[in-house]
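# Inside the fold
What follows is the residue order along each chain.
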Amino acid sequence: MAIEYEQPIFVISVAAELADMHPQTLRQYDRLGIVSPSRAPGKSRRYSQRDISMLREVQRLSQEGVSLEGIKRILQLENQVAALQRRVTELTEELDRRPRALDSRIFAAGAAGDVVSLARGKRPRARSQALVVWRPRGIED
């Protein structure tokens, strides 16, 4: 039986042993918001395998001389990057699902900064009417 990576099942003593740390260290990391485990109904901490991995990463960074504030910031940035990567994947999949008819549209930025849709093969009439012309990838006149 495999343990689900995100499932909070380990009590603090087991998590501390798995991460090779003292339970008080885990409590301190929780207070500082570095690694915040889930809470069971009785308010006791429950750690997941993901939390254990994060504790090991915190330990590694600490041994390399990174301060706790630095570690906290590193973890925040890593979480932000992961969230952005998930969003890029979602948007890419959404674009892949859209009909290809949209790919034939050409857009121009008007003099007032507005976006103007142009028919395929057409150019803005006056030089002042459009400053930039944008085409989706792979579209040529």
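Read on for an overview of the structure. Counting from 1, residues in each chain are numbered in the order their sequence is written. Per-residue local features of the predicted model are confined to residues with pLDDT of at least 70, and side-chain atom pairs are confined, for both listing and counting, to 80 or more; whole-chain, interface and lining totals are unaffected and use all residues. For side-chain calculations, the full set of non-hydrogen atoms in the structure is used, while hydrogens and water are omitted.

### Structural notes on a nonpolar patch on the surface
- Taken together, the side chains of Val11, Val14 and Leu18 make up a nonpolar region of the molecular surface, amounting to roughly 190 Å² of accessible area.
- Only DSSP runs of H or I covering at least 4 residues are called helices, and only runs of E covering at least 2 are called strands; the numbering of each starts at the N terminus. Relative to the assigned elements, Val11 resides in the segment before α1 (12-19).
- Type-normalised accessible area, obtained with a 1.4 Å probe on protein chains alone, sets the label of each residue: buried when under 20%, exposed when over 50%, and partly exposed for intermediate values. A relative accessible area of 33% means that Val11 is categorised as partly exposed. Only residues whose relative accessible area exceeds 30% and that take part in no salt bridge are eligible for patches, with like-charged residues grouped when within 9 Å of each other and nonpolar side chains (Val, Leu, Ile, Met, Phe, Trp, Tyr) grouped when within 5 Å. Only the protein chains shown count as cover for residues, with accessible areas throughout obtained via the Shrake-Rupley method and a probe of 1.4 Å. We define a salt bridge as a contact between a side-chain nitrogen of Lys or Arg and a carboxyl oxygen of Asp or Glu at a distance within 4 Å.

### Some remarks on the layout of surface pockets
- Of the two site types, the cavity is a set of points on a 1 Å grid over the protein atoms alone where a 1.4 Å probe fits but cannot get out, and the pocket is an open set with protein on both sides within 12 Å along at least five of seven lines, each lined by residues with an atom within 4 Å of a point. Grid points are joined across faces, edges and corners, and a volume is the space filled by probe spheres set on the points. Taken as a whole, the second largest pocket holds about 210 Å³ of empty space.
- Lining the second largest pocket, in full, are Tyr5, Arg50, Ser53, Met54, Glu57, Leu75, Glu78, Asn79, Ala82 and Arg86.
- Only α3 (49-63) and α4 (68-97) provide two or more residues apiece to the lining of the second largest pocket.
- Top element by residues in the lining of the second largest pocket is α4. It accounts for five residues.
- Of the residues in the lining of the second largest pocket, the class split is four nonpolar, two polar and four charged. For this classification, the nonpolar set comprises Ala, Val, Leu, Ile, Met, Phe, Trp, Tyr, Cys and Pro, the charged set comprises Asp, Glu, Lys and Arg, and every other residue, Gly included, is treated as polar.

### Some thoughts on the pairing of strand β4 (residues 115-118)
- In terms of strand pairing, strand β3 (residues 106-110) meets β4 through four bridges, oriented antiparallel. Pairing of Ala109 across the sheet is with Val115, part of β4.
- Joining the antiparallel neighbours β3 and β4 is a turn of four residues, in which Gly113 adopts a positive phi near 90°. Strands were regarded as paired on the criterion that DSSP finds at least two bridges between them.

### Describing the nonpolar core
- Formed by 18 residues in total, the largest nonpolar core has its most connected members in Leu26, Ile34, Tyr47, Leu55 and Val58.
- For this core, the secondary-structure elements that each account for two or more residues are α1, α2 (23-32), α3 and α4.
- Beyond its immediate sequence surroundings of up to four residues, Leu26 is in contact with Ile12, Ala15, Ala16, Met21, Tyr47 and Leu55. Think of a nonpolar core as a cluster: buried Ala, Val, Leu, Ile, Met, Phe, Trp, Tyr and Cys residues, connected wherever their side-chain atoms sit within 4.5 Å. Only heavy atoms enter the contact rule, under which two residues are in contact if any of them lie within 4.5 Å.

### Considering the pattern of salt bridges
- For the coordinates displayed, the defined rule picks out six salt bridges.
- Residues joined by salt bridges that share partners form a network here, namely Asp30, Arg39 and Arg45.

### A closer look at unusual backbone geometry
- You will see that Asp20, though not glycine, has its phi angle at about 60°, which is positive.
- The topology assignment puts Asp20 in the loop between α1 and α2.

### Some points on the side chain of Asp30
- Following the sequence through the fold, Asp30 ends up in helix α2.
- For Asp30, a relative accessible area of 12% corresponds to the buried category.

### Remarks on the packing of α3 against α4
- Where α3 contacts α4, the two axes come as close as 10 Å, and the packing angle between them is 135°. In terms of orientation, α3 and α4 fall into the oblique class. Remark: the crossing between α3 and α4 carries right-handed chirality. Between α3 and α4, the contacting residues are Arg50, Met54, Glu57, Val58, Leu61 and Ser62 on the first element and Ile71, Ile74, Leu75, Glu78 and Asn79 on the second.
- Looking at the contact of α3 with α4, its residues break down into six nonpolar, two polar and three charged. Axis angles are defined between N-to-C directions and span 0 to 180 degrees, where every axis is a line fitted to C-alpha atoms and, for a helix, only to the segment in contact. Throughout, the term roughly parallel applies to angles under 35 degrees, roughly antiparallel to angles over 145, roughly perpendicular to angles from 65 to 115, and oblique to all others. Two helices cross in a left-handed way if the nearer one is turned anticlockwise from the farther one by less than a right angle. They cross in a right-handed way if the turn is clockwise.

### Structural notes on α2
- Buried within α2 we find Leu26, Tyr29 and Asp30. Projected down its long axis, α2 shows its buried positions confined to an angular sector of 100°, all on one face.
- Packing partners of the buried residues in α2 comprise α1, β1 (38-39), β2 (45-46), α3 and α4.
- In the stretch just after α2, Gly33 is the one whose phi turns positive, near 80°. Think of the arc as the fan of directions from the helix axis to the C-beta atoms.

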